[in-house]
Amino acid sequence: MLWLGSMRHRKEAICNLQISDDPVYALGVHFTYNIELSHKKNFFEKLGSLKKTLSVWSRGDLSIYGRTNIVKTLALSKLVFIPSVMEIPKNFATEVNKIVFDFIWKQKPAKIKKTTLITKKSDGGLGMKDFALFDKPLKLTWVKRLCSDSDAPWKCIPKLFLSTVGGTEIFQCNYEYNLLNLNGHLPEFYEQIIQHWQEIASTTPHSKTEILFQTIWNKLITINKKWYIFLIGTEQV
């Protein structure tokens, strides 16, 4: 049993359920308030399974095309679920990339630039996945879910967190992530979603028409180097 929210520090048990000092495993996730332990159980311990899978295939005389396909179909598939529901810790993507690229080049120096390797096949690359980029689409799928017309009960919690930045309407705004000052206001998972969305959705208006149709709410408005967010309404100016 694990107490949640404001009751997280309570130690008494209820209904004869045992209070657990260890992470509680449910729905494929290890739940704990210890961030370092959470990252270890949910992310870094999975690197062993990744290495084991690639080790089996490293014994064969596969071409670079075959090794790339092994990574995309059998290796990275082991890491899809957790990043889609949790923030990835620092250096995790770097470690994943080191493991898979060492496998591709048989522990030898790379013969092709990484940028070429991850380029689409239609553009002359091999279509390899960079895990740092691979993680972004997993996070961005939540934007569609959060902005849907569904009244699903699970939306109550993320909407409460996002209320500090105007709710899900932030995804309709042309904001600048670095000026949002989200530290301490949002769980890191939602911060990563907002950051990734800004990278693909935010643009700089160049014409009078584009400026007039900018949504003012959560807009990049600075006064004396401070950013002000207008949260009421969604009218355009």
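Presented here is a report on the structure given in the accompanying data block. (Residues numbered from 1 in each chain as written. Predicted model: local features only at pLDDT ≥ 70, side-chain atom pairs only at ≥ 80, totals over all residues. Heavy atoms only, no water.)

### Comments concerning the overall build of the protein chain
Argument step 1. Looking only at helices and strands, the protein chain features 10 helices and 4 strands.
Argument step 2. Along the protein chain, helices (α) and strands (β) appear in the sequence β-β-α-α-α-α-α-α-α-α-α-α-β-β when read from the amino end.
Argument step 3. A total of 237 residues make up the protein chain; the buried ones form 34% of that total.
Argument step 4. Pairs at least 24 residues apart make up 59% of the contacts formed inside the protein chain by residues separated by at least 6 positions.
Argument step 5. Put simply, the protein chain shows about 15300 Å² of open surface, and 57% of that area lies on carbon and sulfur atoms. (Helix = DSSP H or I, 4+ residues; strand = E, 2+ residues; numbered from the N terminus. Buried < 20%, exposed > 50% of the residue type's maximum accessible area, 1.4 Å probe, protein only. Contact = heavy atoms within 4.5 Å. Areas by Shrake-Rupley, 256 points an atom, 1.4 Å probe, with all protein chains shown as cover.)

### A word on the nonpolar core
Argument step 1. Within the largest apolar cluster, 26 residues are counted, with the highest numbers of intra-cluster contacts made by Leu50, Leu54, Val71, Val96, Val100 and Ile104.
Argument step 2. Secondary-structure elements contributing two or more residues to this core are helix 2 (46-58), helix 3 (64-75) and helix 5 (92-104).
Argument step 3. Per element, the largest residue contribution to this core is 8 residues, and it comes from helix 5.
Argument step 4. Those residues in contact with Val71 that sit more than four places away from it in its chain are Leu54, Leu76, Val100, Phe103, Ile104 and Met128.
Argument step 5. The next biggest cluster of nonpolar side chains, apart from the first, holds 18 residues, and it includes Ile170, Tyr175, Leu186 and Tyr190. (Core = buried A, V, L, I, M, F, W, Y, C linked by side-chain atoms within 4.5 Å.)

### Overview of the packing of aromatic side chains
Argument step 1. Enumeration according to the criterion identifies 9 aromatic pairs in this entry.
Argument step 2. For the ring pair Phe92 and Phe131, a centre distance of 5.7 Å and an interplane angle of 75° mean the geometry is edge-to-face. With Phe92 in helix 5 and Phe131 in helix 7 (residues 131-147), this pair connects stretches of sequence that are 39 residues apart. Just as Phe92 is buried, Phe131 falls in that class too.
Argument step 3. Here the aromatic rings of Phe161 and Tyr190 are separated by 5.8 Å at their centres, their planes lie at 40°, and the arrangement is tilted. With Phe161 in helix 8 (residues 156-162) and Tyr190 in helix 9 (residues 188-201), this residue pair connects regions lying 29 residues apart in the sequence.
Argument step 4. For Phe161, a relative accessible area of 30% gives the class partly exposed.
Argument step 5. According to the relative accessible area criterion, Tyr190 is buried, its value standing at 15%.
Argument step 6. Aromatic rings pair up to connect Phe43, Phe44, Phe92, Phe131 and Phe134 into one cluster.
Argument step 7. Lying across the ring of Trp142, Arg145 places its NZ or CZ 4.5 Å from the centre. (Phe/Tyr/Trp six-rings, centres within 6.5 Å; stacked < 30°, edge-to-face > 60°. Lys NZ or Arg CZ within 6 Å of the ring centre and 35° of its normal.)

### Considerations on helix 1 (residues 35-44)
Argument step 1. Those residues of helix 1 lying buried are Ser38, His39, Asn42 and Phe43. Down the axis of helix 1, the sector holding all buried residues measures 95°, keeping them to one side.
Argument step 2. The secondary structure elements touched by the buried residues of helix 1 are strand 2 (29-31), helix 2, helix 4 (81-85) and helix 5. (Arc of directions from axis to C-beta.)

### Details of the pattern of salt bridges
Working definition: two side chains of opposite charge can pair if their charged atoms are close together.
Argument step 1. Counted according to the given criterion, the structure contains 6 salt bridges.
Argument step 2. With its nearest N and O atoms 3.1 Å apart, the salt bridge here joins Asp130 to Lys114. With Asp130 in the loop between helix 6 (114-117) and helix 7 and Lys114 in helix 6, the pair connects residues that are 16 residues apart, well separated along the chain.
Argument step 3. Residue class for Lys114 comes out partly exposed when judged on its relative accessible area of 37%. (Salt bridge = Lys/Arg side-chain N within 4 Å of Asp/Glu carboxyl O.)

### What to know about a nonpolar patch on the surface
Argument step 1. Side chains of Val56, Trp57 and Leu74 sit close together on the surface and give an oily, nonpolar patch of about 250 Å² of accessible area.
Argument step 2. For Trp57, a relative accessible area of 36% gives the class partly exposed. (Patch = residues over 30% accessible without salt bridge, like charges linked within 9 Å, V, L, I, M, F, W, Y side chains within 5 Å.)

### Quick look at helix 3
Argument step 1. Within the span of helix 3, buried status applies to Arg67, Thr68, Ile70, Val71 and Ala75. Viewed along the axis of helix 3, the buried residues span an arc of 155°, placing them on a single side of the element.
Argument step 2. Summarising the contacts, the buried residues of helix 3 are in contact with helix 2 and helix 5.

### Topic: the packing of helix 7 against helix 9
Argument step 1. The N-to-C vectors of helix 7 and helix 9 enclose an angle of 95°; their axes lie 9 Å apart at closest approach. One element, helix 7, and the other, helix 9, form an angle in the roughly perpendicular class. Mapping the contact onto sequence places Asp135, Lys136, Lys139, Leu140, Trp142 and Val143 in helix 7 and Phe189, Gln192, Ile193, His196, Trp197, Glu199 and Ile200 in helix 9.
Argument step 2. Across the contact of helix 7 with helix 9, the residue classes tally to 7 nonpolar, 2 polar and 4 charged. (Axes fitted to C-alpha atoms, helices over the stretch in contact; angles between N-to-C directions. Parallel < 35°, antiparallel > 145°, perpendicular 65-115°, else oblique. Nonpolar A, V, L, I, M, F, W, Y, C, P; charged D, E, K, R; others polar.)

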